[in-house]
Amino acid sequence: AKPVVGTVTSGSFDSVEAFKSGIKYFDEIVSVGDFYLSETLNFKRQVYLRGIQSAGAGSGVQRKTRLFFADDCCGIIVHRADTNASNKGVPVIEAATEMADGSTLDSIEVRMVTAPDTSDSSEIKGLHGIWLKARAEIRNVSARYFRGNGLHIVASGTSSDPYKRGNANSVAIEKFLGYDNAGNGHYIEGLDANAGKFEQMTCYFNGLHGSHDSALI
C-alpha cells in the first residue's frame, strides 16, 4: 500500500489490491497514512486491522490512518461463512467457506472521497462505511461521508435476502464516531443483531438519525 501525500482524490494511487492481499494472507495489518481504495474490502477471515493514533484537539484523538473509499462502493464488510459481496459491496449468499467472525477494526477512519449532501435523501444509496454481517470488535473508529450508514449492522440468521443474511450477535463497539453520512450514523436491525456492547458512541450531522436501533433485543 502507498500512502497519499496531499489531498486524496479518485485519481490518487489505488492501494486496494495491497489491502486485499493483506486481509487475505495476514492475521494483523498495521497501516499509517491516507490511502485511496477504489473497491470494497470484504473480510472473509478473522483479521485485526489497526491504525496509529495520537492525542489531538477537539475530539481528543487525531487519527493518522484514514481509508478513503471511492464514492460508488461500500467501505468494509465483515462476513459470515455464507455471505460475500462484490467489489462494490453488493451482497450475495454463497456456499459456506471461511468467515470473519472475531475480526477487529482499531484506530482507523473510513470515509468516502467526497462529501454527500446530507439534506438530499437521493444521496442515500446503501453504500455503508462499515457493514457487519458477523461478530466483530470496533475500537476508536470513525466513519464519514458515506452514501448510506456510517456503521451498518443488519443480520437475520439464514434469511434468503442477501442484504439481511448474517449473524452479528455480541458485537463490541467502543469509541465510534459516525458523522456527515447521508443515512444514519449508526444503524442496527435484525433477529441476529442482539446482545451487543456499545460504549462512547457519537453520531452527528447525518442525513437521518444519529443512532437507529431496531434489533430484536
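Everything in this summary refers to the structure shown in the same document. (Residues numbered from 1 in each chain as written. Predicted model: local features only at pLDDT ≥ 70, side-chain atom pairs only at ≥ 80, totals over all residues. Heavy atoms only, no water.)

Mapped onto the elements of the fold, Arg66 is located in strand β7 (residues 65-69). Here Arg66 falls in the partly exposed class, since its relative accessible area comes to 26%. C-alpha of Arg66 to C-alpha of Asn184: the two residues are 118 residues apart in sequence and 20 Å apart in space. With residues near it in sequence (within four places) discarded, Arg66 still touches Gly33, Asp34, Phe35, Glu109 and Arg111. In terms of polar contacts, Arg66 uses its side chain to reach the side chain of Asp34, at 2.8 Å. (Helix = DSSP H or I, 4+ residues; strand = E, 2+ residues; numbered from the N terminus. Buried < 20%, exposed > 50% of the residue type's maximum accessible area, 1.4 Å probe, protein only. Contact = heavy atoms within 4.5 Å. Polar contact = N/O pair within 3.5 Å; in protein donor to acceptor, adjacent residues only side chain to side chain.)

What follows is about the side chain of Ser103. Its place among the elements puts Ser103 in strand β11 (residues 103-106). Judged by relative accessible area, which is 1%, Ser103 ranks as buried. A distance of 2.8 Å separates a polar atom in the side chain of Ser103 from the backbone oxygen of Ala100.

Okay, the sheet that holds strand β17 (residues 186-190) next. Pairing between the strands of a sheet comes from backbone hydrogen bonds, and it takes one of two forms, parallel or antiparallel. Strand order in this open sheet of six strands is β3-β8-β13-β15-β17-β19, and the pairing throughout is parallel. At either end of the open sheet lies a strand with only one pairing partner, and these are β3 (41-43) and β19 (211-215). Geometrically, the sheet is characterised by an average inter-axis angle of 10° between neighbouring strands, direction not taken into account. Looking at chain direction, strand β13 (residues 130-132) and strand β15 (residues 151-154) are connected through three bridges and run parallel. The residue of β15 that forms the bridge with Trp131 is His152. (Pairing = 2+ DSSP bridges. Axes fitted to C-alpha atoms, helices over the stretch in contact; angles between N-to-C directions.)

Listing the buried residues of helix α1 (residues 16-25) in full gives Val16, Phe19, Gly22 and Ile23. The arc that holds every buried residue of α1, seen down its axis, measures 125°, which confines them to one face. Of the residues in α1, the exposed ones pointing more than 90 degrees away from the buried face are Lys24 and Tyr25. Where α1 is buried, its residues touch β1 (28-30), β2 (33-37), β3, β4 (48-50) and β7. (Arc of directions from axis to C-beta.)

Under the definition given, this model contains 14 salt bridges. Across the salt bridge formed by Arg147 and Glu123, the nearest N and O atoms sit 3.6 Å from each other. Linking Arg147 in the loop between β14 (136-144) and β15 with Glu123 in the loop between β12 (109-112) and β13, this pair joins segments that are 24 residues apart in sequence. Here Arg147 matches Glu123 in class, with each residue buried. (Salt bridge = Lys/Arg side-chain N within 4 Å of Asp/Glu carboxyl O.)

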